[in-house]
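The residues making up each chain are set out below.
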Amino acid sequence: MNPIFSTLQYWLVNHPLILQFSWTPGHTLGSTPQFLFLTIFTYLSLTYLLSHSSFRNSLGSHFLKPITALHNLTLFLLSFIMAVGCTVSIIFHTPHLHHIICFPSHISPSGPLFFWAYIFYLSKILEFLDTLLIILSNSIQRLTFLHVYHHATVVIMCYLWLTTRQSLFPVALITNSVVHVIMYYYYLWCAMGVRPKWKRLVTDCQIVQFVFSFGISGVMLYYHFTGLGCSGIWGWCFNAVFNASLLLLFLDFHRKSYIKKRIHHDKDKRP
């Protein structure tokens, strides 16, 4: 085996902390409903209070830009590591490719795949800092309902992945992490004072991700109703409704941000 691939396999799959990981409600950090509720409540409360306070005007851009750049770099690297880690885990710790889409009902929430789902869950809490940095930079126009709704609800989705041992989450984890690699790479350049011209690509990738999730969900449902059933179907139901709502919101955002602007631009160019 290639030495580089062997090293990746050890550090991303076979390390004892990863290999022996187990999601144990009440024992694993962040595994209780109380923790979930308090985390989201704190996020929403602080978002509301800080967005309506004068504190956000007290910090200069020279102070915030390095912090924002470091935050975006951290999530860019973390998203990349999660995408690679989950992919390598699928290659070496999935008994059958069928299990990527449909977990058997008796599956235990342990091992590398659930470890990366747990890291993904914690990373979504870390992403709350996106909102804080937006508020502190006084870019309050970027603090949309879509932004806050997405950040708050995605944590619930990730919690249900682990609690219900939800089928299909490895595919969702990889696709979402890849999209976030692109997104945080874009934001990293913005924080360094360079605004790439491919901002629309970020939104387009997010929309494609949601459409793909519905397509692959159809395969999972086929396995569920024609076989012995797939684990975590109720968690998937929440996930499906959440993704549908996000798709509608992102399509609306896409229409307002790009299509309407292009129409107005074309009108302005007319003689």
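Residues numbered from 1 in each chain as written. Predicted model: local features only at pLDDT ≥ 70, side-chain atom pairs only at ≥ 80, totals over all residues. Heavy atoms only, no water.

For the protein, an unreviewed UniProt entry supplies the name very-long-chain 3-oxoacyl-CoA synthase and the organism Manihot esculenta. Reading the Sequence similarities (unreviewed entry) entry of the UniProt record for the protein gives the comment "Belongs to the ELO family." The record held by UniProt for the protein lists under Catalytic activity (unreviewed entry) the comment "a very-long-chain acyl-CoA + malonyl-CoA + H(+) = a very-long-chain 3-oxoacyl-CoA + CO2 + CoA". (UniProt positions renumbered as here; feature names shortened; annotations may be inferred.)

**Q** A description of the UniProt feature "transmembrane region" (unreviewed entry) in the protein should follow, citing residues and the corresponding values.
**A** Feature annotation in UniProt assigns "transmembrane region" (unreviewed entry) to the following positions: residues 34-51, 72-93, 113-136, 143-162, 168-187, 207-225 and 231-251. Secondary structure across residues 168-187 comprises 95% helix and 0% strand; the distance between its end C-alpha atoms is 29 Å. (Helix = DSSP H or I, 4+ residues; strand = E, 2+ residues; numbered from the N terminus.)

**Q** Describe the side chain of T94, with residues and values.
**A** Structurally, the position occupied by T94 is in the loop between helix 4 (61-93) and helix 5 (98-101). For T94, the side chain forms a polar contact with the main-chain oxygen of I90, separated by 2.9 Å. Apart from the residues lying within four places of it in its own chain, the contact partners of T94 are S89, H99, I100 and L113. (Polar contact = N/O pair within 3.5 Å; in protein donor to acceptor, adjacent residues only side chain to side chain. Contact = heavy atoms within 4.5 Å.)

**Q** Can you tell me about the pattern of salt bridges, naming the residues and giving the values?
**A** Evaluated as defined, the whole model comprises 4 salt bridges. For E127, the salt bridge is made with K124, and the minimal N-O distance between the two is 3.0 Å. Accessibility assignment for this pair places E127 and K124 in one class, buried. Close ionic contact of R255 with D252 constitutes a salt bridge, the shortest N to O distance being 2.7 Å. A residue pair is termed a helical-turn pair when its members lie 3 or 4 positions apart in one helix, as R255 and D252 do in helix 11 (residues 233-269) at 3 residues. Given the relative accessible area of 34%, R255 is considered partly exposed. The exposure class assigned to D252 is partly exposed, which follows from its relative accessible area of 28%. Through salt bridges with shared partners, one network takes in D252, R255 and K256. (Salt bridge = Lys/Arg side-chain N within 4 Å of Asp/Glu carboxyl O. Buried < 20%, exposed > 50% of the residue type's maximum accessible area, 1.4 Å probe, protein only.)

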